[in-house]
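# Fold and geometry: a report
The primary structure of each chain is shown beneath.
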Amino acid sequence: MPEGALACSACTQHAAAQGSLAGRLPCICDAHDVALEGLVARASLSDPEGPDHPKRVGQIAGILAAEIGLPLDLQELLIRAAALHDIGKMSLPEGVLGHRHVLDPEARRQMERHTLLGAGILAHVRTPWMKLAAVIALMHHERWDGSGYPIGLAGEDIPLAARLVAVADVYDALRSDRPYKDAQDHAQALARILEGDARISPVQFDPHVLDALRQREAEIADVPRQDVPRPSRIAYRG
């Protein structure tokens, strides 16, 4: 960065002169935002979940974080970091993503590696929001009841950020078009998470985060959805 560049609160660093951030000196966050957009765009090239899913997951996680009482600076940090939760998918072998049917055991094993790959991509970063992104990338598929991956952590052994993103990720996946299914409406997605069905159980989520989902469900329903509908569809088997 140019000599004399200042950091702002979003970088979790203290600016030497807050007033000078407006228009006179560049902020390090400008570079961070460019990096974030580039990483999300690159990962989205091969991910059928689309380019807007990562950003919506961050927005929803931020709403949940606000409800459970996290301070504003940590909410903002989480929103930025959560957008990289699936960054490891860009390193998966060709053909693993985009299936139009339930994955076979080997493909499932390969797909689950995106958590480890994502943490590896972000392993040596230094900025606080990307450090948090590494934690989220690794652990957002861990489950409250211990049935998740890649480590099998349970309860509060799972970092809070990952527990928040876990709910946001499943909700937005249910609301989104996929090669193997149509998007569900808000009420359907909410019921599947809070009440469970053959594939989803409430016990996989932090109950405090589920309470936050109940309290903020109207606000979460209003998160803008911009994914382009997919023209072709085949029946979802399973």
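Residues numbered from 1 in each chain as written. Predicted model: local features only at pLDDT ≥ 70, side-chain atom pairs only at ≥ 80, totals over all residues. Heavy atoms only, no water.

## Here's the deal with the confidence of the model for the protein
Averaged over every residue, the pLDDT of the protein is 80; the share at 70 or more is 68%. When mean pLDDT is taken per element in the protein, helix 9 (residues 207-215) scores highest with 98 and helix 1 (residues 28-44) scores lowest with 65. Low confidence marks residues 12-25, where pLDDT is under 50. Its contacts with residues over four positions away, or in another chain, come to 16 contacts. Every residue in residues 228-238 is under pLDDT 50, and counting partners more than four places away or in other chains gives 25 contacts. (pLDDT = per-residue confidence, 0-100. Helix = DSSP H or I, 4+ residues; strand = E, 2+ residues; numbered from the N terminus. Contact = heavy atoms within 4.5 Å.)

## A word on the packing of aromatic side chains
Across all of its chains, the model carries zero aromatic pairs by this definition. Here the guanidinium or amino end of Arg80 rests over the ring plane of Trp129, the centre of that ring lying 4.7 Å away. (Phe/Tyr/Trp six-rings, centres within 6.5 Å; stacked < 30°, edge-to-face > 60°. Lys NZ or Arg CZ within 6 Å of the ring centre and 35° of its normal.)

## Some words on unusual backbone geometry
The phi torsion of most residues other than glycine is negative, and most of the peptide bonds are trans. Backbone torsion omega between Tyr149 and Pro150 reads 10°, so that peptide bond is classified as cis. The topology assignment puts Pro150 in the loop between helix 6 (128-139) and helix 7 (160-175).

## Things to note about the pattern of salt bridges
Scanning the entire structure with this criterion turns up eight salt bridges. The partner of Asp172 in a salt bridge is Arg56, and the shortest N-O contact between them spans 2.7 Å. Here Asp172, found in helix 7, pairs with Arg56, found in helix 2 (residues 53-67); they are 116 residues apart in sequence, far enough to count as distant. For Arg225, the salt bridge is made with Asp172, and the minimal N-O distance between the two is 2.9 Å. With Arg225 in the segment after helix 10 (217-221) and Asp172 in helix 7, the pair connects residues that are 53 residues apart, well separated along the chain. What makes Asp172 buried here is its relative accessible area of 0%. Residues joined in a network through salt bridges with shared partners are Arg56, Asp172 and Arg225. (Salt bridge = Lys/Arg side-chain N within 4 Å of Asp/Glu carboxyl O. Buried < 20%, exposed > 50% of the residue type's maximum accessible area, 1.4 Å probe, protein only.)

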